[in-house]
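Residues per chain are reported as follows:
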Amino acid sequence: MKARHPSTARFVSRKLAIYFYGDQPPEALIARTAAAFSASDGDIARTLHALFTAPEFSQPLPPGEHSVLEGTIEGTTRVPSTSLASMSSKRPTTGSAPG
C-alpha cells in the first residue's frame, strides 16, 4: 500500500505543511507530521492533528511569509472598486419585479 511508503508520508506532510503553515515550513514540522502519517497508516485526521498541535506550527512565520488565513483575509478584503460599481448598477430597482 502506497500510504505506508516513507516517501509518501514525507510528500503528503510537506504539501500539508506548505498549505497550512507557509512556503518554507520547518523541517521539524514536516518530520513530525510525516511520523504521525506513518504511525496512523495514512490517517489524514491524525496527520492534521499532529500538524496543528506541533510546537513549530504556533511559532511566528519568517518575515515576508503569509499564512493561508492571512492570504484568505487579504483576498476577501480587497475588492476592486470597479467590481463594486458594476454590482450596484445591475441591482434591480424597487418596483421592477418580474411580471
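Let us look at the structure shown here. A quick note: this is a predicted structure, and the numbers were derived from the prediction, not measured.

## Quick word on the packing of aromatic side chains
Link 1 in the chain: For the structure shown, the criterion picks out four aromatic pairs.
Link 2 in the chain: Residues Phe20 and Phe52 carry aromatic rings whose centres are separated by 5.1 Å and whose planes lie at 90° to one another, so their mutual orientation is edge-to-face. Note that Phe20 is positioned in helix 1 (residues 6–20) and Phe52 in helix 3 (residues 44–53), a separation of 32 residues in sequence.
Link 3 in the chain: Using a relative accessible area of 39% as the deciding quantity, one classes Phe52 as partly exposed.

## Thoughts on helix 3
Link 1 in the chain: Within helix 3, the full set of buried residues consists of Thr47, Ala50 and Leu51. For helix 3, the buried positions fall inside an angular range of 100° around the axis, keeping them on one side. Summarising the geometry of helix 3, the exposed residues directed more than 90 degrees from the buried face are Ala45, Arg46, His49 and Thr53.
Link 2 in the chain: For helix 3, the side-chain oxygen to backbone nitrogen distance between the N-cap and Ala45 is 2.9 Å, and the N-cap itself is Asp43.

## Thoughts on the packing of helix 2 (residues 27–39) against helix 3
Link 1 in the chain: One can describe the packing of helix 2 onto helix 3 by two numbers: an axis separation of 8 Å at closest approach and a directional angle of 155°. Here helix 2 is positioned roughly antiparallel relative to helix 3, judged by the angle of their axes. Relative to helix 3, helix 2 is oriented so that their crossing is right-handed. For the pair formed by helix 2 and helix 3, the contact residues are Leu29, Arg32, Thr33, Ala36 and Phe37 on the first element and Ile44, Arg46, Thr47, Ala50 and Leu51 on the second.
Link 2 in the chain: Residue composition of the contact of helix 2 with helix 3, grouped by class: six nonpolar, two polar and two charged.

## Structural notes on unusual backbone geometry
Link 1 in the chain: Of note in the backbone geometry, Asp41 takes a positive phi value of approximately 60° without being a glycine.
Link 2 in the chain: Structurally, Asp41 can be placed in the loop between helix 2 and helix 3.
Link 3 in the chain: Classification of Asp41 by relative accessible area gives partly exposed; the value is 34%.

## Quick word on the packing of helix 1 against helix 3
Link 1 in the chain: Two elements in contact, helix 1 and helix 3, have axes separated by 11 Å at closest approach and are oriented at 50°. Taken as axis vectors, helix 1 and helix 3 run oblique relative to one another. In the packing of helix 1 onto helix 3, the handedness of the crossing is right-handed. On the side of helix 1, the interface is formed by Val12, Leu16, Ala17 and Phe20, while helix 3 contributes Ile44, Thr47, Leu48, Leu51 and Phe52.
Link 2 in the chain: Among the residues making up the contact of helix 1 with helix 3, the classes are represented as eight nonpolar, one polar and no charged.

Rules and cut-offs
Residues numbered from 1 in each chain as written. Predicted model: local features only at pLDDT ≥ 70, side-chain atom pairs only at ≥ 80, totals over all residues. Heavy atoms only, no water. Phe/Tyr/Trp six-rings, centres within 6.5 Å; stacked < 30°, edge-to-face > 60°. Helix = DSSP H or I, 4+ residues; strand = E, 2+ residues; numbered from the N terminus. Buried < 20%, exposed > 50% of the residue type's maximum accessible area, 1.4 Å probe, protein only. Arc of directions from axis to C-beta. Polar contact = N/O pair within 3.5 Å; in protein donor to acceptor, adjacent residues only side chain to side chain. Axes fitted to C-alpha atoms, helices over the stretch in contact; angles between N-to-C directions. Parallel < 35°, antiparallel > 145°, perpendicular 65-115°, else oblique. Left-handed = near helix turned anticlockwise from the far one by under 90°. Contact = heavy atoms within 4.5 Å. Nonpolar A, V, L, I, M, F, W, Y, C, P; charged D, E, K, R; others polar.

None of the figures reported here should be taken as evidence of function without further support.
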